[in-house]
Every structure is written in structure tokens, then in C-alpha cells.
Amino acid sequence: MAKYDVIVIGAGAAGLTAGALLAKFGKKVLIVERDAYLGGRAMAIPYEGYRLNLGGHLLEDSGSGITRIFEFLGKRLEHGVVNQGLPYWDNREGRWRPIQERYRVDKNELKKVIRILCETEFEEFDRYDHLPLRAWLLEHTRSEGVIELFEYIAMAECLTEKWYDHSASDNLYVRKMHYQEKQTAGYSFWPVGGWDGLFHTLAEAVREHGGEIRLQTRAHRVVIENGRVVAVALEPVQKAIPTEAFNLEYVETEVVICTLPVWNVLEIVWEQDLPDWYVAQVKMLAQDRFRVCWLGFYVASHEPIYTGTSLTELAVWFEAPYSRLPGWAFLVSGMDATTAPAGKHLFNCGFAFQGVRDREWIERKFAEAERDLAAMYPDTFTPRNIIWKKRHLVAHPPFGVIQKPCLVGRYRPDYQAPNVEGVFFASETFRSRGIGVDRAARAALTCVERVLGFRIPEFKDSWHY
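Quick caveat: nothing in here was measured; it's all calculated off a predicted structure.

Describe the overall build of the chain, with residues and values.
Each helix and strand in the chain was counted, giving twelve helices and 20 strands. Relative to the compact-globule value of 23 Å for 465 residues, the chain shows a C-alpha radius of gyration of 22 Å, a close match. Once the C-alpha set of the chain is aligned to its principal axes, its extents read approximately 65 × 50 × 45 Å. Taking all 465 residues of the chain together, 60% fall into the buried category. Sequence-distant contacts in the chain: of pairs separated by 6 or more residues, those separated by 24 or more amount to 71%. In the form shown here, the chain has an accessible surface area of approximately 18700 Å², with 49% of it arising from carbon and sulfur atoms. Each charge class in the chain was averaged separately, 56 positive and 61 negative side chains, and the resulting centres sit 2 Å apart.

How would you sum up the sheet that holds strand 2 (residues 29–32)? Please name residues and give values.
Hydrogen bonding along the main chain pairs the strands of a sheet, whether they run parallel or antiparallel. Read from one edge to the other, the open sheet built from five strands follows the order 9-2-1-13-20, with strand pairing classed as parallel. Only two strands of the sheet have a single partner each, and these edge strands are strand 9 (212–214) and strand 20 (423–425). Taken over all neighbouring pairs, the strand axes of this sheet differ in orientation by 20° on average, direction set aside. Strand direction decides the pairing type here: strand 1 (residues 6–9) and strand 2, joined by four bridges, are parallel. For valine 6, the partnering residue across the bridge sits in strand 2 and is valine 29. Of the strands in this sheet, strand 1, strand 2, strand 9 and strand 13 (255–258) touch helix 1 (residues 13–24), which is tilted by about 170° from strand 2.

Explain the sheet that holds strand 12 (residues 249–252) residue by residue, including any values.
Strand order in the open sheet made by the three strands is 10-11-12, with antiparallel pairing throughout. Each edge of the open sheet carries a strand with a single partner, namely strand 10 (217–225) and strand 12. Neighbouring strand axes in the sheet, compared pairwise and without regard to direction, differ in orientation by 30° on average. Relative to strand 12, strand 11 (residues 228–236) is paired through four bridges, and the arrangement is antiparallel. Bridge assignment links leucine 234 to a residue of strand 12, and that residue is glutamate 249.

Could you give me a rundown of the environment of proline 132, with the residues and numbers involved?
With respect to the secondary-structure elements, proline 132 resides in the loop between helix 4 (107–119) and helix 5 (133–138). Residue class for proline 132 comes out partly exposed when judged on its relative accessible area of 24%. Sequence separation of proline 132 and serine 169 is 37 residues, and the distance between their C-alpha atoms is 8.1 Å. Those residues within four positions of proline 132 in sequence are excluded, and the remaining contacts are Tyr164, His166, Ser167, Ala168 and Pro405.

Can you explain the packing of helix 4 against helix 7 (residues 168–182)? Please cite residues and give values.
Where helix 4 meets helix 7, the axes come as close as 9 Å, and the angle between the chain directions of the two elements is 100°. The orientation of helix 4 relative to helix 7 falls into the category roughly perpendicular. For the pair helix 4 and helix 7, the contacting residues are Leu110, Ile114, Leu117 and Cys118 in the first and Leu172, Arg175, Lys176, Tyr179 and Gln180 in the second.

Describe the pairing of strand 3 (residues 44–47), and please don't skip the residues or the numbers.
Sheet analysis places strand 3 next to strand 4 (residues 50–53), joined by four bridges and oriented antiparallel. For alanine 44, the partnering residue across the bridge sits in strand 4 and is asparagine 53. The turn linking strand 3 back onto strand 4 is made up of two residues, and glutamate 48 within it adopts a positive phi angle of 50°.

How would you sum up helix 4? Please name residues and give values.
The end-to-end C-alpha distance of helix 4, which contains 13 residues, comes to 18 Å, matching closely the 18 Å that a straight helix rising 1.5 Å per residue would cover. All buried positions along helix 4 are accounted for by Leu110, Val113, Ile114, Ile116 and Leu117. When helix 4 is viewed along its axis, its buried side chains cluster within an angular range of 165° and face the same direction. The outward face of helix 4, more than 90 degrees from its buried face, is lined by the exposed residues Asn108, Lys111 and Glu119.

Help me get a handle on the nonpolar core, residues and values and all.
Among the nonpolar cores identified, the biggest contains 134 residues, and Leu16, Trp136, Phe150, Leu198, Ile257 and Phe425 are the most heavily contacted of them. At ten residues, the largest contribution of residues to this core is made by helix 12 (residues 436–452). If we ignore the near neighbours within four places in the chain, the residues touching isoleucine 257 are Val6, Ile7, Val8, Ile9, Ala18, Leu22, Phe424, Ala426, Cys447 and Val451.

Hey, could you go over unusual backbone geometry for me, with residue numbers and the actual values?
For the bond running from histidine 396 to proline 397, omega is 10°, close enough to zero to count as cis. Relative to the assigned elements, proline 397 resides in the loop between strand 18 (386–394) and strand 19 (400–401). The phi angle at phenylalanine 246 is positive, at roughly 60°, despite the residue not being glycine. Within the secondary structure, phenylalanine 246 sits in the loop between strand 11 and strand 12. Take phenylalanine 246: its relative accessible area is 61%, and that puts it in the exposed class. At asparagine 419, a position not held by glycine, the phi torsion is positive, near 65°.

What counts as what
- Residues numbered from 1 in each chain as written.
- Predicted model: local features only at pLDDT ≥ 70, side-chain atom pairs only at ≥ 80, totals over all residues.
- Heavy atoms only, no water.
- Helix = DSSP H or I, 4+ residues; strand = E, 2+ residues; numbered from the N terminus.
- Rg over C-alpha atoms; globule rule 2.2 N^0.38 Å.
- Buried < 20%, exposed > 50% of the residue type's maximum accessible area, 1.4 Å probe, protein only.
- Contact = heavy atoms within 4.5 Å.
- Areas by Shrake-Rupley, 256 points an atom, 1.4 Å probe, with all protein chains shown as cover.
- Lys, Arg positive; Asp, Glu negative; His and termini not counted.
- Charge placed at Lys NZ, Arg CZ, Asp CG, Glu CD.
- Pairing = 2+ DSSP bridges.
- Axes fitted to C-alpha atoms, helices over the stretch in contact; angles between N-to-C directions.
- Parallel < 35°, antiparallel > 145°, perpendicular 65-115°, else oblique.
- Expected span 1.5 Å × (residues − 1).
- Arc of directions from axis to C-beta.
- Core = buried A, V, L, I, M, F, W, Y, C linked by side-chain atoms within 4.5 Å.

All we've got here are geometric facts, nothing functional implied.
What follows is the structure in C-alpha cells.
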């Protein structure tokens, strides 16, 4: 039986980060991934000369997260084009407006709130796990413009279906980081080399330090005996015959870092091996109704589809004209021209919703969303300009667990499985803070430090649990 110090399940941002860091510290590491691509839910796929990103869109790390992890690994995560402008759709007036119009008359109020935010310790925000973002803001300002600025940014980052339902704590952590590290409310950028380049660089760091990565290999079960991890049962994804099953390879290890989300984790870490209250926490968050999803479009076009503010803008709306869903849009080729053939453009958008919906609802909303886009981009979302468009649905798996009050922070299962030695969960759906890929990387860093048993000095001032 082969033996490793640590087996990491999943080769997304969290899994590759955990594997690379542990390998750098001399651990014998194996990363297993069921798909043929690196990146997990943020992988990049080539299509007719374009590069489509399945999950990751922009990277929201102001410098202390995955960017610093790259530096520690001897790599460089170069921040490419930063989004410029946050136009929002005013449904009452039927036009795009710059977000600055919402707080232009309240600059002093905005400065006051920013000062209070930056002076507040991160741990203080934990007290707001059970409250919406607006509740914290109302303690410090009555300016609706300032409040809506925070809520629009939260909409673009977290995809909460109702703008008044954003978690206070999760959003305040990110706002404080971005203001302190980049002097802006919301900092997001396109990684140079694209998302596939980002994941291949992390994989390179894993292998350079002696770690192994097996693609198309499924973790069947984490084997736990007497409250300790002893092995992981692995199974090849590619089958010799359609009925092939349970041809398992048992690989010995004492530590497992699982990056699967709450809706999949109990498939490989069995319930009877975990405390019942902890299983109840996992199942509560894994409910279909708490999944944040979106339906959207990849659109190839002759001329760029954007509001006119900037080719690198991130456009948002609280409520679209016909679907009545909130959403976001940006010109991918404006961020990175190599994502489309020369002289062509690639547009991406999503209409957010909460919970699993039936096929009839999804089909109806897709049709309404096309009407929304035609209304919001009347000059460019036209048959004459569009080369092709692809509908896409992020629901199975979803984007994540919705970041509402009582569904974040201390209300989520801890990184370390209680009463079980050697099981860690580096998933953004467990206890974590941040956004997307950066959130996953910070979760991995926390788990790595718990495995090592000490805080890594290079990250002592980098916020993570």
C-alpha cells in the first residue's frame, strides 16, 4: 500500500494551494482530482478559439491572500487589468448610471464610514454573523448613497439574490482588506496568463517540491478507524467497461485535506465517523434552498458589449427589467484580449438566484434574461453583432452557500473535524472569509497551518482564520 503524509482531495484553488504549501514544508503530498482539468469549479475551457471560464471570473485579492501565497512558493501571480468603473442599471429610469452618482453628495459620510471600518478589528465583525450588512452600516451612517454603494459591491461579489440580505460580517472583512491594502472599496483583477495559467503555476509548485497530482481519480472514501484517518480509497474515473465499480486502491495516510463543498463532503467522509451535531451543521448548509446559483451567457461578438463606461467595467444590477433577477456582467476580452480571437470579443454575464429551481422556471428565466440584455445593451446585444451565444447554468454545482446572516462565520462547520484526528476541510463552504478563489486559498492556508501545528511567519499579518 502506497503511503503519503497528506492526501488532498480536489485540485481547485484550495487543493492546489494546500498541496503546494505542504510540499514546500517537506510533506509527501498526493492531490487527487476527479476531472481532467485543474481548477475545480473555476476551470478554463477552450471553445472555438475562445477561452470560457466556468466559475472564476475576476480575482478579488488585494494582496495578502493568494498573491502572497504565490510569492511564498517562489512564484508570481501578476495582477493584470483591474476593473474600472461600476455602472449600475437603474430600472426606474431604464438606463446605466455610474455608481459615483449614488454617493457623490455624501463624500464626507463615505470617508467617515471607511475610517470606522478600517479602525475596527477583524474579529469584531464576527459579532455581526447574524445580521445583514445594512444593520452595521446604519449604526454609522444614514446616507442611502453610501449604504447602496456597499450593497452594490456586495451584490457583484457575493451574488445574494436580495440586496438587503447580504451578511454583514463576510462583506465587512473584505471591505476592510480592500480599503487597507488597495485604498478602494472593491478590488478585482484579471490574472495575467488567465485562470488556467494560475492553476498550472500552482500545480508546478506542487511538483517542484515533490508533490504528486492525479487527475481523473475519484476519492471514494476517507477511511477512519478509532477516530483516526488511516487511508483514502481511490477509484479511477475512466472505466474499462460501463459496469465497472468498486475497483478501489487504498492509499495510506494520517492526514486528509478535503476541499469538497458541504453538499458533497458526506459522500466521502461518512456520517458515522463524525459527531452528529457536526453532521447536522453540514446538512443544514447543504440544503438546496441555500445554494447561490446563476444563469447566464457567454457571448462572442464583433463589437464589444459594454455600457460605455470602460472596457474593463464590472456592470451590476439589483433587478433586471424582465427577469427581475439581480446580476453582473463584464467584457472578458476587455480584461484579457487573448480570451477571444483577434478582432473579436467575449462577453460574460450572470443572473443570480437562490435555491435549486425546476426546468420550467430556468427556461423561462433564460428567455427573460435575453430580453433583459437586449434592453440594457440595445446597440450591441443584437443579432447583427452577436457571432454566437451560449447559455450556461451554475447550479450543479452552485457558486456556493449563500452569504446571508446566520449562514456565515461561526454558523458554518469548523475547518477541523471534531473528535477525528487528521481530517480537515479547506472549502469556502465551511468556515472561511473572502471571495471565490482567494477565499478558497485562504481556507487552505488555515488548514495547512493546523496540519503543521504553527503559524507560518510569512503570513502572520495576512488575515485568515
